[in-house]
Amino acid sequence: MKPVTTSPSTSPPTRPGPPDVDVVLPCLDEAGALPWVLARIPPGWRALVVDNGSTDGSADLARELGATVVHEPRRGFGAACHAGLTAATADIVCFCDCDASLDPSLLVPFVREVADGQADLVLGRRRPQGRGAWPVHARAGNLALARMLRRRTGLRLHDLGPLRAARREPLLALGLTDRRSGYPLQMVVRAADAGWRVTEHDVPYRPRTGSSKVTGTWRGSWQAVRDMRRVLNEPAAPVTAEGTRR
């Protein structure tokens, strides 16, 4: 079953042409966070809320707030992210969690860096703000993965967080296949294999609204680690100059 895209219920803007930037927001029962998140989408950018089977009215609320809603019935963080990427039309695509832990307005300098040709993929390094923003077990798993990533690719990154920006067509050309928790890591690994310039910048990380579907428990965190370890064990495939995997 393919993802289905629906337009906002409000009248579309008269501004011609595609949006400046598309922001992919994977969403599973995030009605409590959506107003805060969507209010921080920069002007001229389009919010693509990818509903991944919510039962709390998230899709209807997002549409009412002016977002474009993409329905992805296959459960999984990667499935939702990739559905948003394939639905995007802007030259530059960003990704951000939909739980109010990260502010999408912080993507503006990321997009500028990509648009100016200074980087191919820009990532946000999460800096927790207040107690409970980033559980100890989640930080430990992230640190372990960053070290494994360094050994695998040589990239000296500190975080594999969801806040990021890159050009749409090269992202699609990476041929990402993971549809679970390994999707963000696979993007970085394949970008490194393709010779992309990857940069990282500090961003504040707030306590999320609601409970985490992945890192809220030790079990969820280590399941994510297993997904990502599988990605790191993939052999490096030849990649063309345009970023396409052969």
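Residues numbered from 1 in each chain as written. Predicted model: local features only at pLDDT ≥ 70, side-chain atom pairs only at ≥ 80, totals over all residues. Heavy atoms only, no water.

Draft legend 1. View of the packing of aromatic side chains. Scanning the model with the defined rule gives zero aromatic pairs in all. Across the ring face of Tyr 205, the terminal group of Arg 126 is positioned such that the distance to the ring centre comes to 5.1 Å. (Phe/Tyr/Trp six-rings, centres within 6.5 Å; stacked < 30°, edge-to-face > 60°. Lys NZ or Arg CZ within 6 Å of the ring centre and 35° of its normal.)

Draft legend 2. How the structure looks around the pairing of strand β4 (residues 68–71). The sheet contact formed by strand β3 (residues 46–51) and β4 spans four bridges and is parallel. Paired with Val 49 across the bridge in β4 is Val 69. For the segment spanning β3, helix α2 (residues 58–64) and β4, crossover handedness is right-handed. (Pairing = 2+ DSSP bridges. Helix = DSSP H or I, 4+ residues; strand = E, 2+ residues; numbered from the N terminus. Right-handed = clockwise from strand over helix to strand, strands pointing away.)

Draft legend 3. A look at the pattern of salt bridges. Within the structure shown, the criterion is met by nine salt bridges. One salt bridge connects Asp 178 with Arg 230, and the closest N-O pair in it is separated by 3.4 Å. Of this pair, Asp 178 sits in the loop between α6 (168–173) and α7 (183–193) while Arg 230 sits in helix α8 (residues 218–232), and the two are 52 residues apart along the sequence. (Salt bridge = Lys/Arg side-chain N within 4 Å of Asp/Glu carboxyl O.)

Draft legend 4. A look at unusual backbone geometry. Positive phi is not limited to glycine here, since Asp 29 has a value of about 55 degrees. You can see Asp 29 is positioned in the loop between β2 (21–27) and α1 (34–38). Since its relative accessible area comes to 30%, Asp 29 is described here as partly exposed. Backbone geometry at Ala 100 places phi at a positive 70 degrees, although glycine is not the residue there. (Buried < 20%, exposed > 50% of the residue type's maximum accessible area, 1.4 Å probe, protein only.)

Draft legend 5. Up close: the environment of Arg 152. By the element assignment, Arg 152 lies in helix α5 (residues 136–153). Under the relative-accessibility criterion, Arg 152 is labelled partly exposed at 23%. Along the chain, Arg 152 and Ala 192 lie 40 residues apart, while their C-alpha atoms are 9.5 Å from each other. Setting aside residues no more than four positions away along its own chain, Arg 152 makes contact with Val 189, Asp 193, Leu 232, Glu 234, Pro 235 and Ala 236. (Contact = heavy atoms within 4.5 Å.)

Draft legend 6. Layout of the nonpolar core. In this structure, Phe 95, Leu 121, Leu 149, Leu 171, Leu 185, Met 187 and Trp 196 are the most contacted members of the largest nonpolar core, which totals 36 residues. Sorting the residues of this core by element identifies β3, α3 (77–87), β5 (92–95), β6 (121–128), α5, α7 and α8 as the ones contributing at least two each. The element contributing the most residues to this core is α7, with seven residues. Those residues in contact with Leu 185 that sit more than four places away from it in its chain are Leu 149, Leu 160, Met 228, Val 231 and Leu 232. Within the second largest apolar cluster, 32 residues are counted, among which are Cys 27, Val 37, Val 49 and Cys 98. (Core = buried A, V, L, I, M, F, W, Y, C linked by side-chain atoms within 4.5 Å.)

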